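Survey of secondary and tertiary structure
Here's the letter readout for the chains.
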Amino acid sequence: QKEVEQNSGPLSVPEGAIASLNCTYSDRGSQSFFWYRQYSGKSPELIMSIYSNGDKEDGRFTAQLNKASQYVSLLIRDSQPSDSATYLCAVNGGFQKLVFGTGTRLLVSP
Amino acid sequence: EPEVTQTPSHQVTQMGQEVILRCVPISNHLYFYWYRQILGQKVEFLVSFYNNEISEKSEIFDDQFSVERPDGSNFTLKIRSTKLEDSAMYFCASSGAPVGLGYIQYFGAGTRLSVL
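Note that the structure is predicted; figures quoted are calculated from it, not measured.

1. Digging into empty space enclosed by the protein
Residues and elements named next belong to chain A. The tally for this structure, following the rule as stated, stands at one cavity of 30 Å³ or more. Considering only enclosed or pocket space, the largest cavity measures out at about 40 Å³ in volume. Around the largest cavity sit Lys-2, Glu-3, Val-4, Tyr-25, Ser-26, Asp-27, Ser-30, Val-91, Asn-92, Gly-93 and Val-99, which together line it. Classifying every residue of the lining of the largest cavity gives four nonpolar, four polar and three charged.

2. Considerations on the interface of chain A and chain B
Contact residues are listed per partner, giving 23 residues for chain A and 22 residues for chain B. Buried surface at the junction of chain A and chain B, both sides included, amounts to about 1900 Å², of which 58% is carbon and sulfur. For chain A, the biggest contributors to the area lost against chain B are A:Tyr51, A:Gln96 and A:Phe100; these three give 31% of the whole. At the boundary of chain A and chain B, one finds zero salt bridges. Between chain A and chain B we count nine residue pairs in polar contact (both at pLDDT 80 or more) in total. When residues of the side of chain A that touches chain B are traced back to their parent elements, those giving at least two are β4 (33–38), β5 (45–50) and β10 (98–100) of chain A. It is β4(A) that provides the largest number of residues to the side of chain A that touches chain B, a total of three residues. Broken down by class, the residue content of the side of chain A that touches chain B amounts to 10 nonpolar, 10 polar and three charged.

3. Points about the confidence of the model for chain B
On average, residues of chain B score 94 in pLDDT, and 100% of them reach the 70 mark or higher. Mean pLDDT across the elements of chain B ranges from a minimum in strand β6 (residues 53–57) of chain B, with 94, to a maximum in strand β11 (residues 111–115) of chain B, with 98.

Rules behind the numbers
Residues numbered from 1 in each chain as written. Chains lettered and ligands numbered in written order. Predicted model: local features only at pLDDT ≥ 70, side-chain atom pairs only at ≥ 80, totals over all residues. Heavy atoms only, no water. 1 Å grid on protein atoms, 1.4 Å probe; cavity = no way out; pocket = protein on both sides within 12 Å on 5 of 7 lines; lining within 4 Å. Points joined across faces, edges and corners; volume = space filled by probe spheres on them. Nonpolar A, V, L, I, M, F, W, Y, C, P; charged D, E, K, R; others polar. Contact = heavy atoms within 4.5 Å. Buried area = accessible area lost by both parts, 1.4 Å probe. Salt bridge = Lys/Arg side-chain N within 4 Å of Asp/Glu carboxyl O. Polar contact = N/O pair within 3.5 Å; in protein donor to acceptor, adjacent residues only side chain to side chain. Helix = DSSP H or I, 4+ residues; strand = E, 2+ residues; numbered from the N terminus. pLDDT = per-residue confidence, 0-100.

Take a look at the structure:
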């Protein structure tokens with residue numbers, strides 16, 4: 001059973017701080033990794049994808065991948081109250097299917 | 001910006017009834033998916049669909065479930081005889097050709113299914 005593990009949180013950070021969200025996965029053969037944001041009662045919204053070891057930056061977001069440690073992280077710089085949401089880590093678990101973690105709830109206080 | 005459209009937003013049904021959830025994927029996408037999320041739980045894969053056939057399905061997707069692309073734009077999920085435990089948010093997603101090693105999936109707003 002392929003698993004994706006995330007700390008459920010909540011992770012509380014003040015406005016303007018860096019939020020660091022972490023994810024581990026069980027299948028060493030996984031090739032593609034995604035971060036989605038989900039506001040309460042809404043659908044997952046893609047933030048970033050990453051496929052290679054190292055860092056990938058997009059605006060205030062940086063995804064980090066370490067395949068040897070089976071670890072993916074998401075950094076959010078200059079956190080805003082509007083970033084308050086649940087962040088879902090997803091890993092390809094087969095040909096196309098995504099396996100999601102339970103998500104980490106982020107709270108950014110003004 | 002192109003988006004995945006799902007209807008209805010909320011469906012209430014009696015146990016044992018059939019329901020059809022509808023989705024219009026992004027127009028140039030070729031791969032289609034259904035996921036579900038029971039309240040308070042993780043998003044779970046149900047099925048993927050390409051070239052008019054199922055390419056992958058989960059253990060959840062048993063004989064009570066079926067998918068269809070009845071025309072060039074719609075993608076549907078049918079639950080033949082609903083059970084109480086089918087109550088969940090159902091998300092449709094679509095993706096284009098793979099980018100690098102991955103299929104980037106975009107999700108619709110979801111249909112909340114309530115089985116009474």
